[in-house]
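One letter stands for each residue in the lines below.
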Amino acid sequence: MGLLIGESSDRLSGYRRPWLRWLGWVILGLLVAGFARQCTSLYLNNSSLQPVGPLEGPLSVLPRVPETCRPHTHLMFLKTHKTASSTVLNMLYRFGEEHGLHFALPMGYILGYPFPFNVHRIKGYRGNRAAKYDIMANHLRFNKDEVQKVLHEDTFYFSILRDPLSLAKSSFAYFHDICPTFRKAGSLGAFADSPGSFHKAHLRNSHYARNLLWFDFGMDPNANVTQELVREGLVTIRKNFKLILLSEYFDQSMVLLRHALCWPLDAVVSFTLNKAHYRPPKGGPEDGFDLRQPVVNVSLTPAQREKLREWNALDWHLYQAFNRSFWEDVRRFGPERMDQEVAQLRARRDQLAGVCLLKAGEPVEAHHIGDKDIRPYQCGSVRILGYELQQGLDNATTEACLRLIRPEIQYKDLLDAKQFPRSQPSIRDPARKLDVNGVIEKC
Ligand SMILES: Nc1ncnc2c1ncn2[C@@H]1O[C@H](COP(=O)(O)OS(=O)(=O)O)[C@@H](OP(=O)(O)O)[C@H]1O
């Protein structure tokens with residue numbers, strides 16, 4: 001037997017047959033050529049998302065999460081409004097798509113918002129005994145009892161907050177046209193001077209004008225602010241959510257998130273999505289206007305800032321409390337280690353921007369984006385910016401880059417088509433974004 005193995009291996013080695021040796025060299029040559037080809041492009045492997053090739057050069061010691069942990073694939077992200085939540089959603093869409101995860105998708109673009117979430121708002125929901133979903137992340141108003149009906153027990157719940165003042169500016173500009181409180185006020189300053197005189201809490205979409213975060217977490221934004229109420233709200237959120245991120249410290253948030261989820265670095269690298277720029281005056285020239293000149297005036301005096309904080313006191317308490325716990329988390333993580341990982345994340349983002357994007361990675365107005373399929377949806381009195389893809393990329397690189405910049409609406413359509421191959425194809429018609437009452441569904 002031993003002799004047989006010896007004989008055959010000797011034969012296979014080709015030492016006694018020169019043509020076999022040549023064949024071996026040819027195969028080796030082909031393999032090397034294939035590898036070299038990959039090294040000249042951004043190759044993003046579907047499952048690991050780790051690059052191969054020159055991109056790895058300066059980042060060859062990418063920070064790793066402990067090899068003992070297993071990546072989380074059961075996730076609930078409470079997509080709060082105007083908090084960079086679309087950027088987070090893009091990461092979840094990418095990760096879910098690459099790993100074949102099952103999303104709880106809405107029928108349109110929101111899961112029944114602003115009504116408290118109900119499982120029947122999930123597209124294709126087939127009742128209690130249906131399989132659970134891996135990821136739920138579209139806009140919804142949090143309702144724990146309903147949410148947990150369709151999610152796995154080990155689901156990781158997380159969300160994101162933003163300073164209520166900058167959130168108010170973003171919300172005012174974006175929702176100005178559909179929120180009666182904002183529409184009546186005209187400018188954010190006028191609104192801040194006397195919010196109560198414009199606010200009719202019972203009117204549709206008025207919730208965008210006060211304690212929007214508190215509302216998204218499923219609580220009453222118009223309740224009297226008492227210590228007890230705030231304490232109860234915080235306790236409930238802490239009980240339900242394992243991690244609360246902050247949009248002002250987005251990169252630090254991503255480092256904490258990736259360690260909590262045991263995800264690779266590339267899974268949390270992103271470009272700023274849904275960024276606002278102000279519209280030119282009606283009838284003004286399309287180009288050449290001063291982008292810094294807002295039509296919807298969101299400038300505030302120090303006194304108005306103070307009043308707006310008071311008006312959004314519940315959100316302010318929420319933000320302050322979770323800001324404190326965020327920095328406690330960072331201290332536990334290690335401030336130096338955090339700085340290093342943030343630097344690596346930023347370097348990787350710059351690298352990807354260089355490969356994927358035109359205009360040095362700066363976001364541009366939708367009408368400057370050649371590919372209509374990646375123009376961001378426009379809403380309200382601001383211009384929502386998007387990205388232009390670099391030309392001449394190979395197919396794999398184009399696909400990897402597209403994933404990073406594909407706007408929320410189009411990405412949802414794409415996942416929808418994958419999850420429901422037999423349902424009606426998407427119609428790219430802006431009217432589809434309106435619900436039965438004519439309210440813009442995504443807004
Ligand atoms: N990475 C990162 N870091 C910091 N800020 C970011 C980031 N990504 C998005 N943004 C800002 O978030 C605002 C959009 O928030 P959302 O995507 O949650 O809006 S929406 O409710 O889904 O319409 C929007 O804010 P404004 O530009 O002030 O409106 C974005 O610029």
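Counting from 1, residues in each chain are numbered in the order their sequence is written. In view of the model being predicted, local features appear only for residues whose pLDDT reaches at least 70, and side-chain atom pairs are presented and counted only at 80 or more, with totals across whole chains, interfaces and linings using the full set of residues. Remark: hydrogens and water are excluded; side-chain values derive from all non-hydrogen atoms of the structure.

Threshold: UniProt positions are given in the numbering used here, feature names are shortened, and annotations may be inferred rather than shown by experiment.
Per an unreviewed UniProt entry, the recorded name for the chain is Galactose-3-O-sulfotransferase 4, and the organism is Gadus morhua. Its UniProt record, at the heading Subcellular location (unreviewed entry), says of the chain: "Golgi apparatus membrane".

## A look at the side chain of S253
To be explicit about the condition: Helix numbering and strand numbering both begin at the N terminus, where a helix is a DSSP run of H or I of at least 4 residues and a strand a DSSP run of E of at least 2. Definition of a polar contact: a pair of N or O atoms within 3.5 Å, with one able to donate and the other able to accept a hydrogen when the atoms are protein atoms, and with sequence-neighbouring residues admitted only if both atoms are side-chain atoms. Any pair of residues with heavy atoms lying within 4.5 Å of one another is described as a contacting pair.
Relative to the helices and strands, S253 is located in helix α11 (residues 250–261). In terms of polar contacts, S253 uses its side chain to reach the backbone carbonyl oxygen of Y249, at 2.8 Å. The residues touching S253, leaving out its near neighbours within four places in the chain, are L245, L246 and F326.

## Observations concerning the site of the ligand
Going by this rule: To be near a molecule or strand, a residue needs just one of its heavy atoms within 4 Å of it. Per-residue and other accessible areas were derived by the Shrake-Rupley procedure at a 1.4 Å probe size, with only the shown protein chains allowed to occlude residues.
Near the ligand, the surroundings consist of 21 residues, among which K79, S85, S86, T87 and S170 are the closest. Measuring from a nitrogen atom of the ligand, one finds a side-chain N or O atom of T87 at 2.8 Å. A distance of 3.2 Å separates an oxygen atom of the ligand from a polar atom in the side chain of H139. For the ligand, whose free accessible area comes to 650 Å², the fraction covered by protein is 85%. Secondary structure elements with two or more residues in the shell around the ligand: α3 (85–98) and α5 (164–175).

## Let's talk about the environment of T73
Defined as follows: For every residue, the accessible area obtained with a 1.4 Å probe (protein chains only) is divided by the maximum for its type, and the residue is called buried under 20%, exposed over 50%, and partly exposed between those limits.
Along the chain, the position of T73 falls in the loop between β2 (51–52) and β3 (75–78). What makes T73 partly exposed here is its relative accessible area of 26%. On a C-alpha basis, the gap between T73 and E232 in space is 30 Å, while along the polypeptide they are 159 residues apart. Those residues within four positions of T73 in sequence are excluded, and the remaining contacts are F95, L101, D134 and I135.

## Overview of the sheet that holds strand β4 (residues 135–136)
Backbone-to-backbone hydrogen bonds join strands into a sheet, with any given pair of strands oriented parallel or antiparallel. Filter applied, for reference: A strand pair is defined by DSSP finding two or more bridges across the two strands. The angle between two axes is taken between their N-to-C directions and runs from 0 to 180 degrees, where each axis is a line fitted to C-alpha atoms and a helix contributes only its stretch in contact.
Strand order in the open sheet made by the four strands is β4-β3-β5-β6, with parallel pairing throughout. A single partner strand is all that each edge strand has here, and the edge strands are β4 and β6 (243–246). Strand direction decides the pairing type here: β3 and β4, joined by two bridges, are parallel. Bridge pairing in β4 places M76 opposite M136. This element, helix α13 (residues 313–333), spans β5 (156–161) and β6 of the sheet and lies at about 100° to β6.

## Things to note about α13
Put simply, the test is: A helix is expected to span 1.5 Å for every residue after the first.
Compared with an ideal rise of 1.5 Å per residue, which puts 21 residues at 30 Å, α13 spans 30 Å between its outermost C-alpha atoms and is within 8% of the ideal. Those residues of α13 that fall on the buried side of the exposure criterion are A313, L314, D315, L318, Y319, A321, F322, N323, S325, F326, V330 and F333. Positive backbone phi, at 110°, marks G334, one or two positions downstream of α13.

## Focus: the nonpolar core
What counts here: Grouping buried Ala, Val, Leu, Ile, Met, Phe, Trp, Tyr and Cys residues that are joined through side-chain atoms within 4.5 Å yields what is termed a nonpolar core.
Counting residues in each nonpolar core, the largest one holds 71 residues, and the members touching the most others are I122, M136, L161, F191, F217, L308 and L318. Broken down by element, this core gets its largest block of residues, eight residues, from α13. Beyond its immediate sequence surroundings of up to four residues, L318 is in contact with L161, L213, W214, F217, L234 and I237. One finds L89, L245, L261 and L404 within the second-largest nonpolar core, a separate group that totals 46 residues.

## Observations concerning the state of the cysteines
Selection rule: The term disulfide is used for any two cysteine sulfur atoms that are within 2.5 Å.
According to the stated counting rule, one finds two disulfides in the structure shown. Each sulfur of the disulfide joining C356 and C401 lies 2.1 Å from the other. Taking the torsion about the S-S bond as the criterion, the C356 to C401 disulfide, at about -65°, is left-handed. Linking C356 in helix α14 (residues 335–356) with C401 in helix α15 (residues 395–405), this pair joins segments that are 45 residues apart in sequence. Comparing C356 with C401, the two get one shared label, buried.

## With respect to the packing of helix α10 (residues 227–240) against α13
Rules: Working rule for angles: under 35 degrees goes down as roughly parallel, over 145 as roughly antiparallel, 65 to 115 as roughly perpendicular, anything else as oblique. For any pair of crossing helices, the crossing counts as left-handed if the nearer helix is rotated counterclockwise from the farther one by less than a right angle, and right-handed if it is rotated clockwise. Residue classes follow a fixed rule: Ala, Val, Leu, Ile, Met, Phe, Trp, Tyr, Cys and Pro count as nonpolar, while Asp, Glu, Lys and Arg count as charged, and any other residue, Gly among them, counts as polar.
Axis separation between α10 and α13 bottoms out at 10 Å; the angle between their running directions is 50°. Of the possible angle classes, the one that applies to α10 and α13 is oblique. By crossing handedness, the relation of α10 to α13 is classed as right-handed. Residues L229, V230, L234, I237 and R238 of α10 touch α13, and the partners they reach there are L314, H317, L318, A321, F322 and S325. Broken down by class, the residue content of the contact of α10 with α13 amounts to eight nonpolar, two polar and one charged.

## Comments concerning unusual backbone geometry
Cis peptide bonds are those with omega within 30 degrees of zero, and the linkage from Y113 to P114 qualifies with 5°. Within the secondary structure, P114 sits in the loop between α3 and β4. One non-glycine residue, A84, lies in the positive phi region at around 80°. In this fold, A84 is placed in the loop between β3 and α3. Of note in the backbone geometry, C262 takes a positive phi value of approximately 60° without being a glycine. Tracing the chain through its elements places C262 in the loop between α11 and β7 (276–278).

## A closer look at the pairing of strand β9 (residues 382–386)
A large share of β9 lies buried, amounting to five of its five residues. The alternating pattern of β9 places V382, I384 and G386 on one face and R383 and L385 on the opposite face, and all of these are buried.

## A few points about empty space enclosed by the protein
Threshold: As defined here, a cavity is a set of points on a 1 Å grid over the protein atoms alone where a 1.4 Å probe fits but cannot get out. A pocket is an open set with protein on both sides within 12 Å along at least five of seven lines, and residues line them when an atom is within 4 Å of a point. Grid points are joined across faces, edges and corners, and a volume is the space filled by probe spheres set on the points.
One pass over the structure, following the stated rule, counts five cavities of 30 Å³ or more. If you add up the space inside the largest cavity, you get close to 180 Å³. Forming the boundary of the largest cavity are 17 residues, of which N274, P376, I384, P407 and E408 lie nearest the centre. Elements represented by at least two residues in the lining of the largest cavity include exactly β9 and α16 (408–419). Looking at the lining of the largest cavity residue by residue, the class counts come to 11 nonpolar, four polar and two charged.

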